[in-house]
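Each chain, written out:
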Amino acid sequence: GGGTATVPEEIFNLIKSIIGAGLLSLPAGIAVLASSASSGNSSHRILLSSSFLLIAVMGTISAYTFSLIARVCQMTNTTTYANCWTATMKDHSNSKGHRRSGGSSLLGSLGAFMDCLAGNLTYSMVLADTFRVLVATAIKYATRSNVLLVLTVLILFPLCLINNLSSLAPFSLVGIIGMVYTGIVIGVRYFDGSYKLPHGKFLKDLSGVGIGSNKSLPSFATAATSAASATSSSPFQFLFNPKSLILISILSTAYIAHFNAPKFYNELKETKTSSSKQQRFHIGVVTTSFMVSILFYGIVSALGYSTFGLSTSAMILNNYSTNDILISISRFCVGLSLIFSYPLLFVGLKSGTIDLINQLKITNQQKHSNSKLTVLLLSSITLLATHITDLTFVASMSGALLGTSLIFIFPTIMF
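Residues numbered from 1 in each chain as written. Predicted model: local features only at pLDDT ≥ 70, side-chain atom pairs only at ≥ 80, totals over all residues. Heavy atoms only, no water.

Identification of the chain as Amino acid transporter transmembrane domain-containing protein from Fragilariopsis cylindrus CCMP1102 is taken from an unreviewed UniProt entry. Its UniProt record, at the heading Subcellular location (unreviewed entry), says of the chain: "Membrane". (UniProt positions renumbered as here; feature names shortened; annotations may be inferred.)

J.: Please clarify how the nonpolar core should be interpreted in this entry.
T.: Generally speaking, a soluble globular protein has its nonpolar side chains buried in company with each other. Membership of the largest hydrophobic core comes to 106 residues, with the highest contact counts inside it found for F66, Y255, F281, Y297 and Y342. Non-local contacts of Y297, meaning those with residues more than four positions away in its chain, are made with I18, I19, G20, L23, L26, I55, A254 and Y255. (Core = buried A, V, L, I, M, F, W, Y, C linked by side-chain atoms within 4.5 Å. Buried < 20%, exposed > 50% of the residue type's maximum accessible area, 1.4 Å probe, protein only. Contact = heavy atoms within 4.5 Å.)

J.: What's the story with a nonpolar patch on the surface in this structure? I'm lost.
T.: On the surface, a cluster of nonpolar side chains totalling about 480 Å² of accessible area is made up of V180, I184, V188, I325, L326 and I329. When contributions to the nonpolar patch are tallied by element, the ones reaching two or more residues are α7 (172-191) and α13 (325-360). Relative to the assigned elements, I184 resides in helix α7. (Patch = residues over 30% accessible without salt bridge, like charges linked within 9 Å, V, L, I, M, F, W, Y side chains within 5 Å. Areas by Shrake-Rupley, 256 points an atom, 1.4 Å probe, with all protein chains shown as cover. Salt bridge = Lys/Arg side-chain N within 4 Å of Asp/Glu carboxyl O. Helix = DSSP H or I, 4+ residues; strand = E, 2+ residues; numbered from the N terminus.)

J.: Please clarify how the pattern of salt bridges should be interpreted in this entry.
T.: If the charged atoms of two oppositely charged side chains come close together, the side chains can form a pair. Considering all chains together, one arrives at 4 salt bridges under this definition. For E267, the salt bridge goes to K263, with nearest N and O atoms at 3.6 Å. With E267 and K263 both in helix α11 (residues 261-267), this residue pair falls 4 residues apart, about one helical turn. Residue K263 is classed as partly exposed on the basis of its relative accessible area of 41%. Linked by salt bridges that have partners in common, R189, D192 and D324 make up one network.

J.: Where do I start with the side chain of S289 in this structure?
T.: Inspection of the secondary structure assignment puts S289 in helix α12 (residues 277-308). Among the polar contacts made by the side chain of S289, one reaches the main-chain carbonyl oxygen of V285 at a distance of 2.7 Å. Sequence-distant contacts of S289, defined by excluding residues within four places in its chain, comprise I11, L14, I15 and I18. (Polar contact = N/O pair within 3.5 Å; in protein donor to acceptor, adjacent residues only side chain to side chain.)

J.: Got a minute to help me understand α12 in this structure?
T.: Side chains three or four residues apart in an α-helix point the same way, a direct result of the helix having 3.6 residues per turn. With 32 residues, α12 extends 45 Å from end C-alpha to end C-alpha; this agrees with the ideal 46 Å at 1.5 Å per step. At T287, α12 shows its largest kink, close to 25°. Positive backbone phi, at 60°, marks G309, one or two positions downstream of α12. (Expected span 1.5 Å × (residues − 1). Bend = angle between axes of the 7 residues up to and from the residue.)

This is the structure we're talking about:
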């Protein structure tokens, strides 16, 4: 009960934690789902409705497990996700008369480590794509790998060496502003027809950026066009399509903020009103924040896909012209927000790495060199980011392997 944050402050901060780089790959998830379905206006509407339903269902479940984690932390008197996991596993072990908490603790630490690793990898990939386009207007032969290498050495490495990250806190506001601005611009470009066939003013600037093909112009035709005319569209062709699992996996990553659930609950201040802290947190903070995130994700991803269709890139901003000033501003804002968010996520990766080293007893050293560990981790992430270019693949794989465990499986096991 020693928190000082009000409900509106908590709502704003939680929305800021949820909405991030995952937004940029959601339109591609819809494009993957559409690629094996029938075409036509009716099918397009059903596709968007089905996608929004999946976004809403995943958001609702994520909100429930977010609240669940906070409840379990309150029950176990713990203040972090990792400590909550360890405490509950010890309780389960003691109640069953055998010891397994060590392996369970290792599992939780491994999950946290992998999640932070996937997050930093995603950030590096987005930064490479974003700044390559921005720099290409001034430096003709700038490559994705070279741009990322320069960013890592000159900017990310020094930031990741900072011990006190409190000075970076004000820049976190840039993140949500950048994402909201990006969502607005995606909507503006859809409604003003700048990329609409056949006379969109930016169509002449586009180059091959499509999903799984060399298509660059907006495309809504499918391989099943001829067969589609003989069958009526049904929502089940999307909801029960195996490719819907890719969108679901991306959403598992997009909604992840669950490591901070104990922090948000503890920081909410008590009031003298009749409503309890639990009610204000679960109903006022969590429900409102996830509802806003669901609406934002659903609307922006639908507008992004509706602009480019099957040509939607794995990172939606890659679809737009380099001569589009509004999008260039968006790229800069997103890139700037990720730069200052990077060390905040990276410190979790370093902590997780040290925790794993200690648990696996790889070394007996209690103190690990901050600079050497930073170099090792950043080099590995940068190497991976230069060779992996499909953001949809990373988002869906990390969501399938990590997101589902951390926000769906582990919380229910703990409870």
